[in-house]
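Working through the structure, step by step
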Amino acid sequence: MTLCMKVGFIVYAVSAAAVALLIHFVCFNEFSELIMSPKAWCYLLLMTAFTNVLPLFLFSEGIKRVGAERAAIVSTVGPPTTIFLAAYLLGESMNQIQLLGSALIIVGIIIVEYKSR
């Protein structure tokens, strides 16, 4: 897949999601909720670029480099990482089910990676 095709797919997918969210917003909210300061809009655009757009392109490049199967397996590390970081950085509590689930995910990744070699 060429870079142009990959970028085009990402742009279409993100645009479709944005249109769906806009339709949902129009159906369930007041227009006045969109009124924010220019500074807030700048923060929103920066946050969107660094937490949504850039990761999509980086993930797409990662899939290209390591393959779809391995990228899918490695991406499952996301939820346990989020749980651990929330506990460590934000002081969130972790219960035994979360610890067990996270451990099972990590062990599953290790097993799959070990068997593939």
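Residues numbered from 1 in each chain as written. Predicted model: local features only at pLDDT ≥ 70, side-chain atom pairs only at ≥ 80, totals over all residues. Heavy atoms only, no water.

**Side note on the overall build of the protein chain**
Broken down by element type, the protein chain carries five helices and zero strands. Traced from its N-terminal end to its C-terminal end, the protein chain shows the element sequence α-α-α-α-α. Principal-axis analysis of the C-alpha atoms places the extent of the protein chain at approximately 55 × 45 × 25 Å. The proportion of buried residues among the 117 residues of the protein chain is 9%. A separation of at least 24 residues holds for 51% of the contacts in the protein chain among residues at least 6 apart in sequence. Accessible surface for the protein chain amounts to roughly 9600 Å². Of this, 74% is attributable to carbon and sulfur atoms. For the protein chain, the centre of its 7 positive side-chain charges and the centre of its 6 negative side-chain charges are spaced 16 Å apart. (Helix = DSSP H or I, 4+ residues; strand = E, 2+ residues; numbered from the N terminus. Buried < 20%, exposed > 50% of the residue type's maximum accessible area, 1.4 Å probe, protein only. Contact = heavy atoms within 4.5 Å. Areas by Shrake-Rupley, 256 points an atom, 1.4 Å probe, with all protein chains shown as cover. Lys, Arg positive; Asp, Glu negative; His and termini not counted. Charge placed at Lys NZ, Arg CZ, Asp CG, Glu CD.)

**What to know about the pattern of salt bridges**
Charged atoms that come close allow side chains of opposite charge to pair. If you walk through the whole model with that rule in mind, you get three salt bridges. In this structure, E61 engages R65 in a salt bridge whose closest nitrogen and oxygen atoms are separated by 3.0 Å. Taken together, the residues span about one helical turn, with E61 and R65 both in helix α2 (residues 38-66) at a distance of four residues. The partner of E113 in a salt bridge is R70, with the nearest N and O atoms 3.1 Å apart. Placement of E113 in helix α5 (residues 96-116) and of R70 in helix α3 (residues 68-75) is noted, with a sequence separation of 43 residues between them. A relative accessible area of 33% places R70 in the partly exposed class. Three or more residues are tied together by salt bridges with common partners; here these are E61, K64 and R65. (Salt bridge = Lys/Arg side-chain N within 4 Å of Asp/Glu carboxyl O.)

**A closer look at a nonpolar patch on the surface**
A cluster of nonpolar residues, F31, L34, M36, W41, L44 and M47, forms a patch on the protein surface that exposes about 560 Å² of accessible area. Position of L34 among the secondary structure elements: in the loop between α1 (3-28) and α2. (Patch = residues over 30% accessible without salt bridge, like charges linked within 9 Å, V, L, I, M, F, W, Y side chains within 5 Å.)

**Concerning the confidence of the model for the protein chain**
Scored by pLDDT, the protein chain comes out at a mean of 87, with 95% of its residues at no less than 70. Per-element confidence in the protein chain ranges from a low mean pLDDT of 84 for α1 to a high of 92 for helix α4 (residues 78-90). (pLDDT = per-residue confidence, 0-100.)

**Some words on the packing of α4 against α5**
The interhelical angle for the contact between α4 and α5, taken along N-to-C directions, is 140°, at an axis separation of 9 Å. When the interaxial angle is binned, α4 and α5 end up oblique. In the crossing of α4 with α5, the sense of the turn from one axis to the other is left-handed. Each of P80, I83 and F84 in α4 lies in contact with α5, whose residues at this interface are Q98, L99, S102, I105 and I106. When its residues are assigned to classes, the contact of α4 with α5 shows six nonpolar, two polar and no charged. (Axes fitted to C-alpha atoms, helices over the stretch in contact; angles between N-to-C directions. Parallel < 35°, antiparallel > 145°, perpendicular 65-115°, else oblique. Left-handed = near helix turned anticlockwise from the far one by under 90°. Nonpolar A, V, L, I, M, F, W, Y, C, P; charged D, E, K, R; others polar.)

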